[in-house]
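One-letter residues, chain by chain:
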Amino acid sequence: MSSVLKRPSACDLRDAILQALRTLGGSSERQEIYAEVLKTLADADKDRVGFAQTDLKRKGLLENPSRGRWRLTELGWRASQVDWPEQRTGDGTAFPTLDKLINPTLSVFHQLGGSGTIEEIEKGIIDFFPLSKTHQQAPHDPERGKQTELAYRLAVCRRYLKRYGLLENLKPKHWALTEKGASLTRVNPFAVILHAERTMWRERTEREAAILSDLTDVDATMDW
């Protein structure tokens, strides 16, 4: 009986490419990258790997400095995944990924008149797609708590939109559109993701630099 290989998902390909380039030192030729990807995904199609590399470039994780050569950007080095895995529920359907949640979330806020509770936002997203009971109840990490996967993804989506200046957290569990958010009904989701990731990286770098500076000051006062 013949076996049929499962074709890697787009998310699998993107993650494999990022990992391959890290293994190769951050920069390499197309053929070397493909050979490294095959170590993880033995049935990866060369054309699909090429399309995935182009997608990663569009998202700001890769750059193509010369013909046939690719390298990780600063964001690419830090990214563990481009977006969430294409996690599937028992009925075989996939959760919406971050890029697919951003504009629907904006739409829900406009429908709510500009502000709403976390529960109202979640209900709006459930109606928008619509999402089955399986999606609504699927846990994010059963070992860490009762938060659902949908609640987790929407929380991340709100934080990214806040960093982009479109949402604000008025009080616990209550969010609203900013003046900028109220003026927009659609945005480029990848611009939101890239801006948020870069902002978080900059803030983390500044915190680490401050800690290092404090340690250096303390070290200078020590009588070794």
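Before reading further, recall that the structure is shown in the block above.
One numbering rule holds for all chains: residues counted from 1, following each sequence as written. In view of the model being predicted, local features appear only for residues whose pLDDT reaches at least 70, and side-chain atom pairs are presented and counted only at 80 or more, with totals across whole chains, interfaces and linings using the full set of residues. To obtain the side-chain values, all non-hydrogen atoms of the structure were used and water was disregarded.

Caption draft 1: Geometry of the overall build of the protein. Secondary structure follows DSSP: runs of H or I at least 4 residues long count as helices, runs of E at least 2 residues long count as strands, and numbering of each begins at the N terminus. The secondary structure content of the protein amounts to 10 helices and six strands. Across the 224 residues that make up the protein, the buried fraction comes to 40%. Pairs of residues are marked as contacts when any of their non-hydrogen atoms sit within 4.5 Å. By sequence separation, contacts in the protein at least 24 residues apart represent 61% of the contacts at least 6 residues apart. With an accessible surface of roughly 13,500 Å², the protein has 52% of that area assigned to carbon and sulfur atoms. Each residue gets one of three labels from its accessible area relative to the maximum for its type: buried under 20%, exposed over 50%, partly exposed in between, using a 1.4 Å probe on protein chains only. Reported accessibility uses the Shrake-Rupley method at a 1.4 Å probe radius. Residues are deemed covered only where the shown protein chains occlude them.

Caption draft 2: Summary view of helix H8 (residues 149-163). A rise of 1.5 Å per residue sets the reference length of H8, with its 15 residues, at 21 Å; its end C-alpha atoms lie 21 Å apart and thus fit the reference within 8%. Burial analysis of H8 places 11 of its 15 residues in the buried class, the great majority of the element. Residues of H8 that are buried: Glu149, Leu150, Ala151, Arg153, Leu154, Ala155, Val156, Cys157, Arg158, Tyr160 and Leu161. Positive phi shows up at Gly165, right after H8, with a value of about 90 degrees. Between the first and last residue of a helix there are one fewer steps than residues, each counted as 1.5 Å, and that sum is the expected span.

Caption draft 3: Up close: the side chain of Asn103. By the element assignment, Asn103 lies in helix H5 (residues 98-111). Exposure remark for Asn103: the relative accessible area of 8% places this residue in the buried category.

Caption draft 4: How the structure looks around helix H3 (residues 46-58). Here H3 spans 19 Å end to end across 13 residues, near enough to the 18 Å set by a 1.5 Å rise per residue. Every buried residue belonging to H3 is among Arg48, Val49, Gly50, Ala52, Gln53, Asp55 and Leu56, and all of these are buried. Residues of H3 that are buried sit in contact with helix H1 (10-23), helix H2 (30-40), strand E2 (62-66) and strand E3 (69-72). Under this definition, polar contacts are N or O atom pairs within 3.5 Å; protein pairs additionally need one hydrogen-donor-capable and one acceptor-capable atom, and for neighbouring residues in sequence, both atoms have to be side-chain atoms. Between the side-chain oxygen of the N-cap and the backbone nitrogen of Asp47 there are 3.0 Å, and the N-cap of H3 in question is Asp45. Downstream of H3 by a residue or two, Gly60 has a phi angle that is positive, lying close to 90 degrees.

Caption draft 5: Looking closely at the environment of Arg7. Counting through the fold element by element, Arg7 comes out in the segment before H1. Here Arg7 falls in the exposed class, since its relative accessible area comes to 60%. Sequence spacing of Arg7 and Leu41 is 34 residues, and the spatial spacing of their C-alpha atoms is 9.1 Å. Setting aside its immediate chain neighbours within four residues, Arg7 contacts Asp43 and Arg48.

Caption draft 6: Up close: the sheet that holds strand E6 (residues 174-177). Strand pairing follows a simple DSSP-based rule, namely that at least 2 bridges must link the two strands. An order of E4-E6-E5 is seen for the three strands of this open sheet, with the pairing classed as antiparallel. Two strands lie at the open edges of the sheet, namely strand E4 (115-117) and strand E5 (167-171), each paired on one side alone. Between one strand axis and the next, the sheet turns by 30 degrees as a mean value, whatever way the strands run. Of the strand pairs in this sheet, E4 and E6 are connected by three bridges, and their pairing is antiparallel. Bridge pairing in E6 links Ser115 to Ala176. Across the sheet, H5 lies against E4, E5 and E6, angled at about 95 degrees from E6, the strand it touches most. Between N-to-C directions, angles cover 0 to 180 degrees, with each direction set by a line fitted to C-alpha atoms, over the stretch in contact for helices. Along the sheet, helix H6 (residues 118-128) makes contact with E4 and E6, crossing E4 at roughly 100 degrees.

Caption draft 7: Geometry of the environment of Gly26. Topologically, Gly26 is positioned in the loop between H1 and strand E1 (27-29). Excluding its chain neighbours within four sequence positions, the residues that come into contact with Gly26 are Leu21, Trp70, Arg71, Leu72 and Trp77.

Caption draft 8: Structural detail: the pattern of salt bridges. Any Lys or Arg side-chain nitrogen located within 4 Å of an Asp or Glu carboxyl oxygen qualifies as a salt bridge. Scanning the model with the defined rule gives 10 salt bridges in all. Between Lys100 and Asp99 there is a salt bridge, with the nearest N and O atoms lying 3.7 Å from each other. Residue Asp99 is classed as buried on the basis of its relative accessible area of 13%.

Caption draft 9: Fine view of the sheet that holds E1. Spatially, three strands are ordered E1-E3-E2 in an open sheet, and the strand pairing comes out antiparallel. Sheet topology places E1 and E2 at the edges, where each strand pairs with a single neighbour. Sheet twist, expressed as the average angle between the axes of neighbouring strands with direction ignored, equals 30 degrees. Pairing of E1 with E3 involves three bridges; the strand directions are antiparallel. Directly across from Ser27, in E3, lies its bridge partner Arg71. Contacts from H2 reach E1 and E3 within the one sheet, and its direction differs from that of E1 by about 100 degrees. Where H3 meets the sheet, it contacts E2 and E3, and its direction lies at approximately 105 degrees from that of E2.

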